[in-house]
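Fold and contact review
Here is what each chain is made of, one letter per residue.
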Amino acid sequence: MSQALIELRDLLFAWPGQAPLLDIPQFRLEAGEALFLKGPSGSGKTTLLGLLGGVNLPAQGSVRLLGQTLAELGQGARDRFRVDHTGYIFQQFNLLPFLSVRENVELPCRFSASRAKRARQRHGSVDQAATQLLAHLGLADPAMLARRADSLSIGQQQRVAAARALIGQPELVIADEPTSALDADTREAFIRLLFDECRAAGSSLLFVSHDQSLAPLFDRHLSLAELNRAAAPREA
Ligand SMILES: Nc1ncnc2c1ncn2[C@@H]1O[C@H](COP(=O)(O)OP(=O)(O)O)[C@@H](O)[C@H]1O
Ligand SMILES: [Mg+2]
């Protein structure tokens, strides 16, 4: 079998003082896949995404991203590895409010030389990469790019967050319930844009949500309870 983009083996994780939340014998995400992982609120989706980024480390077992076991890296190296290879779209978007739209989108290229290099190779410059990604996502107005992030609507913030995740073509784009604030039509349109841009960048997509109605849009869907032996039986 070829190398998986993500591979979990015998992963066990508990928050301090709590019962095990995640007990996942095996999970793989292949390069190029768009996977929908569903689970109710509180089932451990965001915790799992933190483990994939090396923000949290498992008590037992391993998280491998692109063949690298995250726990084998020191904290600084793990942080660099994450920003080099992963783009995150957070549930609350986590844009830096005092930075402009453009500065927010370009941020990963300031922390990652490899993403800056890929952005330049594909678009000529990091500035051009941000401009083109935002235009593809429906934010083409130059005045918009200069605005502070805290002056945007929710739908605009979401698209800025997506452009920030995609810039510099990380191998993996992770989306943590990024559509919960949108109505159904806007949700589907946003996911289709995300697919197009991930495909164009060659990025795999791991999208988590409690919203089951999104599942049919994806190549593959799974419920966290199917993977997780620590899940309450009612979730299965
Ligand atoms: N930083 C944390 N410290 C302690 N417990 C946490 C922390 N983050 C999440 N939890 C607990 O872990 C469980 C799963 O949370 P979470 O991963 O956020 O689920 P989901 O994203 O599926 O809603 C919840 O019981 C939550 O209270
Ligand atoms: Mg969550």
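For the structure itself, consult the block above.
To keep things clear, this report deals only with the structure shown in the data block.

Criteria and thresholds
- Residues numbered from 1 in each chain as written.
- Chains lettered and ligands numbered in written order.
- Predicted model: local features only at pLDDT ≥ 70, side-chain atom pairs only at ≥ 80, totals over all residues.
- Heavy atoms only, no water.
- Axes fitted to C-alpha atoms, helices over the stretch in contact; angles between N-to-C directions.
- Helix = DSSP H or I, 4+ residues; strand = E, 2+ residues; numbered from the N terminus.
- Parallel < 35°, antiparallel > 145°, perpendicular 65-115°, else oblique.
- Left-handed = near helix turned anticlockwise from the far one by under 90°.
- Contact = heavy atoms within 4.5 Å.
- Pairing = 2+ DSSP bridges.
- Disulfide = S-S within 2.5 Å.
- Buried < 20%, exposed > 50% of the residue type's maximum accessible area, 1.4 Å probe, protein only.
- Near = heavy atom within 4 Å.
- Polar contact = N/O pair within 3.5 Å; in protein donor to acceptor, adjacent residues only side chain to side chain.
- Areas by Shrake-Rupley, 256 points an atom, 1.4 Å probe, with all protein chains shown as cover.
- Salt bridge = Lys/Arg side-chain N within 4 Å of Asp/Glu carboxyl O.

**Side note on the packing of helix α3 (residues 101–111) against helix α5 (residues 126–136)**
At their nearest, the axes of α3 and α5 sit 10 Å apart, and the two run at 120 degrees to each other. Overall, the two elements α3 and α5 adopt an arrangement that is oblique. Taken as a pair, α3 and α5 cross one another with a handedness that is right-handed. Facing α3, whose interface residues are V101, R102, V105, E106 and C109, α5 presents V126, D127, A130, T131 and L134.

**A few points about the sheet that holds strand β3 (residues 34–38)**
The strand order across the open sheet formed by five strands is β6-β7-β8-β3-β9, and the pairing between neighbours is parallel. At either margin of the open sheet sits one strand with a lone partner, and together these are β6 (86–89) and β9 (220–223). Between one strand axis and the next, the sheet turns by 15 degrees as a mean value, whatever way the strands run. Summarising the sheet, strand β7 (residues 172–176) and strand β8 (residues 204–209) pair through five bridges and their orientation is parallel. In the strand pairing of β8, V173 is matched with L205.

**Re the state of the cysteines**
Under the counting rule described, the total for this entry stands at zero disulfides. This cysteine, C109, is not joined by any disulfide, and C198 carries the nearest cysteine sulfur, 16 Å off. Its relative accessible area of 4% is what places C198 among the buried residues.

**Here's the deal with the site of ligand 1**
Every residue near ligand 1 is listed here: W15, Q18, L21, P40, S41, G42, S43, G44, K45, T46 and T47. Separating a nitrogen atom of ligand 1 from a side-chain N or O atom of Q18 is a distance of 3.2 Å. G44 places a polar main-chain atom, nitrogen or oxygen, 3.1 Å from an oxygen atom of ligand 1. Protein contact buries 59% of the 560 Å² of open area that ligand 1 shows by itself.

**Quick look at the side chain of S204**
By the element assignment, S204 lies in strand β8. In this structure S204 comes out as buried when scored by relative accessible area, which is 1%. Residues in contact with S204, not counting those within four places in the same chain, are L5, L29, E30, A31, G32, E33, E171, L172 and V173.

**Considering the sheet that holds strand β5 (residues 68–69)**
If you trace the four strands from one edge of the open sheet to the other, you get β2-β1-β4-β5, paired in antiparallel fashion. Of all the strands in the sheet, just β2 (22–29) and β5 have a single pairing partner and so form its edges. On the sheet, helix α1 (residues 45–52) packs against β1 (6–13), β2 and β4 (60–65) and is oriented at approximately 120 degrees with respect to β1.

**Describing the pattern of salt bridges**
Taken as a whole and judged by the stated rule, the model has 14 salt bridges. When the shortest N-O distance is used, the salt bridge between R118 and E171 registers 2.9 Å. One end of the pair, R118, is in helix α4 (residues 113–123); the other, E171, is in the loop between α7 (154–166) and β7, and 53 residues separate them in sequence. Its relative accessible area of 26% is what places R118 among the partly exposed residues. A relative accessible area of 19% means that E171 is categorised as buried. In this structure, R199 and D196 form a salt bridge, with 3.7 Å as the shortest nitrogen-oxygen distance.

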